[in-house]
Amino acid sequence: MTTRASSQAAWFDLTADQRAVLGPLRDYLQAEVAPGAIARDESGEFPFDIVKALGAMGIFGLQVPERYGGAGLDTMTSALIIEEIAAVDGSLCLTVASHNSLCTGHVLRAGNEAQKQEWLPKLATAESLGAWALTEPGAGSDAASLQTRAEEVGDGFQITGNKQFITQGTVGGTYVVVARTDNALPGERPAKGISAFVLPGDAPGLQRGKPEKKLGLHSSDTTPLTFEAVQVGREQLLGTRGQAFDDVTAVLAGGRIGIGAMGIGLGRAALEVAARYASEREQFGRPIVRHQAVAFKIAAAAMELEAARLLVRKAATLRDQGRDYTEAAAMAKLKGSVAGVDACDAAIQILGGYGYVRDYEVERMWRDARLTRIGEGTDEIQHLIIARQYLARTVA
Ligand SMILES: Cc1cc2nc3c(=O)[nH]c(=O)nc-3n(C[C@H](O)[C@H](O)[C@H](O)COP(=O)(O)OP(=O)(O)OC[C@H]3O[C@@H](n4cnc5c(N)ncnc54)[C@H](O)[C@@H]3O)c2cc1C
């Protein structure tokens, strides 16, 4: 008999299918990814071989249906996978998360059948890496103020403008770019008139700038892009002309579940390092974990990460059930990223001087995790979303 309690337990236990996916992935990550994480952080080298291997394992087509060559997984399993990858290499995690949720996610959501057949099989196997170009030098949190234009020319559009901080900007083979096709009329919301297009990386006029030098995530590729009269056909318009902002919002909401999971994975890994270290390191005649101030730091971080994980699972469950997950995703992202950064910070403190140098990797984890509080909507923007949603259902 299924009781209420047992069905709730199933909600946070791994299913047999999830274990079957996560087991081989963990083995691969430990054997092939973990050993080079420090070296890639130092060199900034993009891990093409690892991407190819993970592509063959379905990791670059997590939620792409099998008929387009993807793994056909749900949001919950995807979030678990993202957490596992983050625990080993934050840069690789951002590559996987952004490819899946942003570029591929936008084609999946808004593409017509012909577009899905053309673009998804290459994306799902990582034959072509996906980049998603929304942010501009003057339009970050206020994305609807973007200035990139797509003017109607002949039987298509000509895209002109600048994009900033684009993940896979250099290594991408498929780009989704968000541009204004029509001006919003007086009284219309500013987001009206924004469209999205999918195009290949070798489109004439698409120019990549110099990869950014970042605090962390060194082997994830972040590049500004310039679109100089890039010609696209009408068949490259994703979704309805002038109405792409709803797709953008939905794509970002889905992506936030992954970014929350990424923060948790990095925080979890750092805390595990700290727990082992604190059990071995002795000061004042005993392992430092037996000084209560140290043990309490571990307890607090473990609890925050677990609370964040439950929020990620709630958001993923709502999304998988086709229910509104906007607020849950914002909470999952905010809690996951803050808990992750805080756990990394606690780990550095617990390791003392050894936490501040590179060998134990917790400083790398902190640097990698810090992005999760900025990308795909800052902490402050998540607070705004949560407040708006809470007030709408509570006070309206
Ligand atoms: C490594 C990296 C990878 C990225 N990858 C991509 C990508 O693949 N594609 C893409 O399109 N973008 C990408 N981005 C861009 C990212 O999404 C933006 O940096 C982010 O949305 C914030 O925009 P901004 O940097 O312009 O900051 P701003 O929007 O200028 O914000 C600056 C500060 O002001 C605060 N603020 C702004 N508005 C408000 C408000 N209304 N209320 C309260 N506070 C506010 C912000 O929270 C922040 O603290 C990436 C960024 C980085 C660093």
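Residues numbered from 1 in each chain as written. Predicted model: local features only at pLDDT ≥ 70, side-chain atom pairs only at ≥ 80, totals over all residues. Heavy atoms only, no water.

Looking at the packing of aromatic side chains
Summed over the entire model, instances satisfying the criterion amount to five aromatic pairs. Between Tyr354 and Tyr360, the aromatic rings sit 6.3 Å apart at their centres with planes inclined by 75°, giving edge-to-face as the arrangement. Residue classification places Tyr354 among the partly exposed positions, given a relative accessible area of 41%. Accessibility expressed as a relative area gives 35% for Tyr360, which makes it partly exposed. An aromatic cluster is built from Tyr277, Tyr354 and Tyr360, whose rings are joined through pairwise contacts. Geometry around Trp119 places Lys122 over its ring, the cationic atom sitting 4.9 Å from the centre. (Phe/Tyr/Trp six-rings, centres within 6.5 Å; stacked < 30°, edge-to-face > 60°. Buried < 20%, exposed > 50% of the residue type's maximum accessible area, 1.4 Å probe, protein only. Lys NZ or Arg CZ within 6 Å of the ring centre and 35° of its normal.)

Concerning the site of the ligand
As a matter of local geometry, the ligand sits amid 16 residues, with Thr135, Ser141, Phe165, Thr378 and Glu380 nearest to it. Between Glu376 and the ligand, the recorded distance is 3.5 Å, taken from a backbone N or O atom to an oxygen atom. In this structure, Thr378 approaches the ligand through a side-chain N or O atom, which is 2.6 Å from an oxygen atom. Across the complex, the protein chains shield 64% of the 980 Å² of accessible surface that the ligand would expose by itself. (Near = heavy atom within 4 Å. Polar contact = N/O pair within 3.5 Å; in protein donor to acceptor, adjacent residues only side chain to side chain. Areas by Shrake-Rupley, 256 points an atom, 1.4 Å probe, with all protein chains shown as cover.)

Remarks on the layout of surface pockets
Empty pockets left among the atoms are what a rolling probe the size of a water molecule brings to light. The volume enclosed by the largest pocket comes to roughly 1,200 Å³. Along the wall of the largest pocket there are 45 residues; nearest its centre are Thr135, Ile374, Gly375, Glu376 and Gly377. A total of seven residues in the lining of the largest pocket trace back to one element, the largest contributor, which is helix H8 (residues 244-280). By volume, the second largest pocket is sized at about 400 Å³. As for the second largest pocket, its lining consists of 22 residues, and the residues nearest its centre are Gln63, Asn100, Ser101, Gly254 and Arg319. Mapped onto the lining of the second largest pocket, the elements with two or more residues apiece are helix H5 (75-86), helix H6 (90-110) and H8. The element that contributes the greatest number of residues to the lining of the second largest pocket is H6, accounting for seven residues. (1 Å grid on protein atoms, 1.4 Å probe; cavity = no way out; pocket = protein on both sides within 12 Å on 5 of 7 lines; lining within 4 Å. Points joined across faces, edges and corners; volume = space filled by probe spheres on them. Helix = DSSP H or I, 4+ residues; strand = E, 2+ residues; numbered from the N terminus.)

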